[in-house]
Amino acid sequence: MRSAIRAFSTNVTKTDRKGFVPRRALLYVPGSSEKVLAKVPKIKVDSLVLELEDGCPLASKAQARTNIAAYLDDLPSKGDHACFELGVRVNSVSSGLLADDVKELSKAKHLPQVFLVPKVDDPDELAAIWDIFKTNYGAERIQNSKSRLIIYIESARALLDMPRLLATTLNLHKNAGFFKLDGVVFGSDDFCADLGMSRSNEGTETLYARQRFVTCCKAFSLQAIDSVYIDIKDLDGLRRQSIEGKAWGFDGKQCIHPTQIPVIQESFLPPPDKIEWAKALIDEYIKHENEQRNTVLTFRGSMVDRPVILQAMNIVQTVKYIQESQ
Ligand SMILES: CC(C)(COP(=O)(O)OP(=O)(O)OC[C@H]1O[C@@H](n2cnc3c(N)ncnc32)[C@H](O)[C@@H]1OP(=O)(O)O)[C@@H](O)C(=O)NCCC(=O)NCCSC(=O)C[C@](C)(O)C(=O)O
Ligand SMILES: [Mg+2]
């Protein structure tokens, strides 16, 4: 009967789970500060992103590039990192700064495990992005690397054009050998600016956008990373929005301060009672199937059909992948 569960499991997610990277919290560490960079190996977070874009003032960009390139060049000397993944967020192609970023980064012996490219607004920009990476790293180095790609949706136009943007990025990997797209981030602050919205801690103004965003990500089996919560002191509000995002299908959330990490990472793990419920339901389902009854059953007083079993399997798989990958 385990085979029935396995058959179900393959339907649960189309994502290739080989090399699964948990990205419950994605922490930005500004590359301009050597003092903060020195702490990087010890920061325990799923995904740690060395920041070159908006977290880095224009006057410090050159210094930040040099710092990050030196960090990557000398990576083995830093020892084991407590984070699961080390990435770099470069500047957008429209800023005119991307070529300088990639030129400097490509001088380092090592590539980051993931490149994060913000403000991808138009499918045509993707060809320009690929071109900049290819010119500096060379196609072969890119193809031989295991680095992944994450892009950002940060404007009304990008949100509406998401299916085309995601398909074009995935095709660049398949047809040209660009880094494999693994996840997508919702840049809520730039999105609010683009639409002339006033952002709030409750986030009601981005409700439609976040729901469309997560739906598009899941249609392409990509990880969906939720908005940044800029009120660093308000950990209750952060927890509320993290739990909300998790319930909507997001895989993780951006993070700007170390105190936000545990709140986000805990929120993106299913709670113990939900894990217990999911395991017990799957056991009950196997028993039920053994007795060859209808696949609709009653469990703890509620009707359970296939979609509910799939949700239970998602919960069990998420916990399993996070435990196995750390
Ligand atoms: C807000 C800031 C200035 C307050 O920085 P602070 O130093 O004033 O804070 P603190 O509370 O005094 O710091 C306490 C300790 O934590 C450290 N610390 C503090 N922050 C970090 C960090 N991120 N990573 C690692 N360590 C950090 C800091 O160095 C200090 O260490 P110490 O006690 O040993 O001296 C600071 O937290 C920071 O620079 N955060 C990152 C900001 C950033 O990168 N923003 C851009 C990403 S969000 C974005 O772009 C939007 C998006 C997606 O694009 C879109 O929605 O559109
Ligand atoms: Mg942004």
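Residues numbered from 1 in each chain as written. Chains lettered and ligands numbered in written order. Predicted model: local features only at pLDDT ≥ 70, side-chain atom pairs only at ≥ 80, totals over all residues. Heavy atoms only, no water.

**Student:** Before we go on, may I ask you to explain the environment of Lys180 in this structure?
**Tutor:** Counting through the fold element by element, Lys180 comes out in strand β6 (residues 180–186). Considered as a pair, Lys180 and Val114 are 66 residues apart in the sequence and their alpha carbons are 9.4 Å apart. Those residues in contact with Lys180 that sit more than four places away from it in its chain are Ser147, Arg148, Leu149 and His173. (Helix = DSSP H or I, 4+ residues; strand = E, 2+ residues; numbered from the N terminus. Contact = heavy atoms within 4.5 Å.)

**Student:** What exactly am I supposed to notice about the nonpolar core here?
**Tutor:** The tendency in soluble globular proteins is for nonpolar side chains to be buried side by side. One finds Leu50, Phe133 and Phe213 to be the most contacted residues of the largest nonpolar core, which totals 65 residues. Tallying contributions element by element places helix α5 (residues 123–137) first for this core, with six residues. Residues contacting Phe133, with those up to four places away along its chain left out, are Val102, Phe115, Val117, Gly138, Ile142, Phe178 and Phe179. Within the second largest apolar cluster, 15 residues are counted, among which are Ala280, Tyr285, Ile286 and Ala312. (Core = buried A, V, L, I, M, F, W, Y, C linked by side-chain atoms within 4.5 Å. Buried < 20%, exposed > 50% of the residue type's maximum accessible area, 1.4 Å probe, protein only.)

**Student:** What am I meant to see in unusual backbone geometry here?
**Tutor:** Leaving glycine out, the prevailing phi sign among residues is negative, and the prevailing peptide bond configuration is trans. Phi at Lys119 takes a positive value of approximately 50°, unusual for a residue other than glycine. Of note, Lys119 is situated in the loop between β4 (114–117) and α5. Judged by relative accessible area, which is 16%, Lys119 ranks as buried.

**Student:** It is not clear to me how the coordination of the magnesium ion (ligand 2) should be interpreted in this structure. Could you clarify?
**Tutor:** In an ideal tetrahedron of four donors about a metal, each angle is 109.5 degrees. In an ideal octahedron of six donors, the angles are 90 or 180 degrees. Surrounding the magnesium ion (ligand 2) are the protein donor atoms Glu154 (OE) and Asp190 (OD), which sit 2.0 to 2.1 Å from the metal. With Glu154 in the loop between β5 (148–153) and α7 (156–160) and Asp190 in helix α9 (residues 188–195), this residue pair connects regions lying 36 residues apart in the sequence. (Donors = N, O, S within 2.8 Å, 3.2 Å for Na, K, Ca; no water.)

**Student:** Even after reading the chapter, I still don't get the domain arrangement of the protein, so can you show me in this structure?
**Tutor:** The extent of an interface is frequently quoted as the accessible surface area lost upon association of the parts. As far as domains go, the protein holds domain 1 (25–267) and domain 2 (272–324). Just the C-alpha atoms count here: the centres of domain 1 and domain 2 sit 34 Å apart. (Domains from an automatic or database assignment.)

**Student:** Mind showing me how you'd approach the pairing of β4 here?
**Tutor:** Two faces, one strand: in a regular strand the side chains alternate between the faces of the sheet. Both faces of β4 are covered, namely the face carrying Val114 and Leu116 and the face carrying Phe115 and Val117. Here strand β3 (residues 85–89) runs beside β4; their pairing, made up of three bridges, is parallel. Each bridged residue has a counterpart across the sheet, and for Val88 the counterpart in β4 is Phe115. In this view, the connection linking β3 to its parallel neighbour β4 by way of helix α4 (residues 98–105) has right-handed handedness. Note: β4 against β5, four bridges, orientation parallel. Residue pairing in the sheet places Val117 in a bridge with Ile151 of β5. (Pairing = 2+ DSSP bridges. Right-handed = clockwise from strand over helix to strand, strands pointing away.)

**Student:** What am I meant to see in helix α8 (residues 162–176) here?
**Tutor:** Side chains of residues three or four places apart in an α-helix project in the same direction, reflecting 3.6 residues per turn. For α8, with 15 residues, the first-to-last C-alpha span of 20 Å sits near the 21 Å given by 1.5 Å per residue. Buried residues along α8 sit against α5, β5, α7, β6 and α10 (207–219). Backbone geometry just after α8 places Gly177 at a positive phi near 90°. (Expected span 1.5 Å × (residues − 1).)

**Student:** Teacher, can you tell me more about the UniProt feature "domain: HpcH/HpaI aldolase/citrate lyase" (unreviewed entry) in the protein here?
**Tutor:** In this numbering, the UniProt entry assigns the feature "domain: HpcH/HpaI aldolase/citrate lyase" (unreviewed entry) to residues 24–258. This span, residues 24–258, is 43% helix and 17% strand, and a straight line between its end C-alpha atoms measures 14 Å. (UniProt positions renumbered as here; feature names shortened; annotations may be inferred.)

**Student:** I would appreciate a short explanation of the site of ligand 1 in the present structure.
**Tutor:** Around ligand 1 sit 22 residues in total, of which Lys39, Arg89, Asp189, Gln254 and His257 are the nearest. Ile256 is positioned with one of its backbone polar atoms (N or O) 2.8 Å from a nitrogen atom of ligand 1. Across the complex, the protein chains shield 62% of the 1,100 Å² of accessible surface that ligand 1 would expose by itself. Of all the secondary structure elements, the ones that give two or more residues to the shell around ligand 1 are β1 (25–30), α2 (34–37) and α9. If you tally residues by element for the shell around ligand 1, the top one is β1, at four residues. (Near = heavy atom within 4 Å. Polar contact = N/O pair within 3.5 Å; in protein donor to acceptor, adjacent residues only side chain to side chain. Areas by Shrake-Rupley, 256 points an atom, 1.4 Å probe, with all protein chains shown as cover.)

**Student:** How should the side chain of Arg89 be read in this particular structure?
**Tutor:** Relative to the helices and strands, Arg89 resides in strand β3. Reaching out from Arg89, the side chain makes a polar contact with the side chain of Glu51 at a distance of 2.7 Å. With residues up to four places along the chain from it excluded, the contact list for Arg89 reads Tyr28, Val49, Leu50, Glu51, Leu52, Glu53, Asp54, Gly55, Leu116, Pro118 and Tyr152.

**Student:** How do you make sense of the pattern of salt bridges when you look at a structure like this?
**Tutor:** When charged atoms on two side chains of opposite charge get close, those side chains can pair. Following the criterion strictly, the structure yields 23 salt bridges and no others. The residue Lys119 makes a salt bridge to Glu53 at a minimum N-O spacing of 2.4 Å. On the criterion of sequence distance, the pair formed by Lys119 in the loop between β4 and α5 and Glu53 in the loop between β2 (47–51) and α3 (61–73) is long-range, its members being 66 residues apart. Its relative accessible area of 2% is what places Glu53 among the buried residues. For the salt bridge of Arg148 with Asp182, the shortest nitrogen-to-oxygen distance reads 2.8 Å. In this pair, Arg148 is assigned in strand β5 and Asp182 in strand β6, connecting sequence segments 34 residues apart. A residue is classified by how much of its surface remains accessible, and Arg148, at 18% relative accessible area, is buried. Note on Asp182: relative accessible area 12%, which makes it buried. Each of the salt bridges in this network shares a partner with another, and the network as a whole consists of Glu51, Glu53, Asp54, Arg89, Lys119 and Asp190. (Salt bridge = Lys/Arg side-chain N within 4 Å of Asp/Glu carboxyl O.)

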